[in-house]
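Residue strings, one per chain:
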Amino acid sequence: MKTYGLIGYPLSHSFSKGFFTKKFEEEHIAGHQYETFPIPAITEFPALLAQHPDLCGLNVTIPYKEQVIPYLDELSDAASQIGAVNCIRFKDGKKKGFNTDVIGFRDSLQPLLQPHHHKALVLGTGGAAKAVMYALQEINIDYLVASRTPANGTVAYHSLDQATMETYTLIINTTPLGMYPNVDACPDIPYEYITSRHLLYDLVYNPAETLFLQKGAAQGAVIKNGHEMLILQAEASWDIWNA
Ligand code: NAP
């Protein structure tokens, strides 16, 4: 039996377990299982590996995406630059960390890009924002980052004026604002300057249409939620484990 799994804590609901269990069934991939491993502290990671010598790959979620790094032998360029790992491959006796959020975001965004989408406004500065920025660099899109506590080149929300909104026609929400159950919240940007030239991308996928996306759509913008990104980052893990 080949075992894959997810480490994090707590792990009440896991998208990944549901995704891979269904994938193994639907694609008739026999002899594979996907388990959740809720470890209360990252110091339990070596013992977990010792208990499961059959592990072929792991996903990593909150709160261990950064904490797991000292336990790994190698990092991909993306994981190293972002400083967060959400996928671990066990190969040739080595544990290598990857960041597949980059792949999921990039590959779900690219089909929607028009030639005028060459400047992006990234809302938020957390781990997801770092993956988004890495992907934007890969595809040569300049970006400006908005933060509640602007520093090191990031800007304040109240400084987003008409000229900025007209220049940055790709707007990406990487904050948790609007996520269920707080569906009445949205990033504090001047939505009145959004037009049909804009593409609004929300990493949040529950609800399918956040208030951020609703407000963009009301102005005629093209909108995209984070559901495809979630699927593509899981598929990217599978590809990495089987490379
Ligand atoms: P996080 O670290 O908790 O927050 C991201 C950033 O959002 C923070 O660094 C903060 O930036 C800003 N922020 C947080 N609370 C805010 C508030 N109340 N008002 C305004 N800004 C706020 O989260 P994350 O791990 O980066 O994830 C962010 C979101 O992306 C989550 O909703 C997560 O579910 C989603 N996500 C989706 C996918 C996918 O596959 N679709 C993958 C990864 C993450 P500042 O302090 O600089 O303002």
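Basis of the calculations
Residues numbered from 1 in each chain as written. Predicted model: local features only at pLDDT ≥ 70, side-chain atom pairs only at ≥ 80, totals over all residues. Heavy atoms only, no water. Domains from an automatic or database assignment. Contact = heavy atoms within 4.5 Å. Buried area = accessible area lost by both parts, 1.4 Å probe. Near = heavy atom within 4 Å. Polar contact = N/O pair within 3.5 Å; in protein donor to acceptor, adjacent residues only side chain to side chain. 1 Å grid on protein atoms, 1.4 Å probe; cavity = no way out; pocket = protein on both sides within 12 Å on 5 of 7 lines; lining within 4 Å. Sits in = over half its atoms within 2 Å of the grid points. Nonpolar A, V, L, I, M, F, W, Y, C, P; charged D, E, K, R; others polar. Helix = DSSP H or I, 4+ residues; strand = E, 2+ residues; numbered from the N terminus. Expected span 1.5 Å × (residues − 1). Buried < 20%, exposed > 50% of the residue type's maximum accessible area, 1.4 Å probe, protein only. Arc of directions from axis to C-beta.

Draft legend 1. Examining the domain arrangement of the protein chain more closely. On domain assignment, one finds that the protein chain holds domain 1 (2-99) and domain 2 (103-228). Its C-alpha centre places domain 1 at a distance of 29 Å from the equivalent point of domain 2. Counting residues at the interface gives five residues for domain 1, matched by six residues for domain 2. The contact between domain 1 and domain 2 buries some 500 Å² in all, and 61% of this surface belongs to carbon and sulfur atoms.

Draft legend 2. Spotlight on the site of the ligand. Lining the immediate environment of the ligand, one finds 19 residues, of which Thr125, Ser147, Arg148, Thr174 and Gly226 sit closest. Within the backbone of Gly126, an N or O atom sits 3.1 Å from an oxygen atom of the ligand. Between the ligand and Leu230 there is a distance of 3.4 Å, counted from an oxygen atom to a backbone nitrogen or oxygen. Applying the majority rule of atoms within 2 Å of the grid points places the ligand in the largest pocket. Tallied by class, residues from the shell around the ligand come to nine nonpolar, eight polar and two charged.

Draft legend 3. Fine view of helix H1 (residues 15-26). An ideal rise of 1.5 Å per residue puts 16 Å on 12 residues; H1 measures up with 16 Å between its terminal C-alpha atoms. Those residues of H1 that sit buried are Ser16, Phe19, Phe20, Lys23 and Phe24. Taken down its axis, H1 places every buried residue within 125 degrees of arc, on the same side. H1 presents Glu25 and Glu26 as exposed residues on the side facing more than 90 degrees away from its buried surface. Close packing links the buried residues of H1 with strand S1 (2-8), strand S2 (32-38), strand S3 (55-60) and helix H8 (227-241). In this structure Ser14 caps H1, since a side-chain oxygen of it lies 3.3 Å from the backbone nitrogen of Ser16. Where H1 ends, the next residue or the one after it, His28, has phi of about 50 degrees, a positive value.

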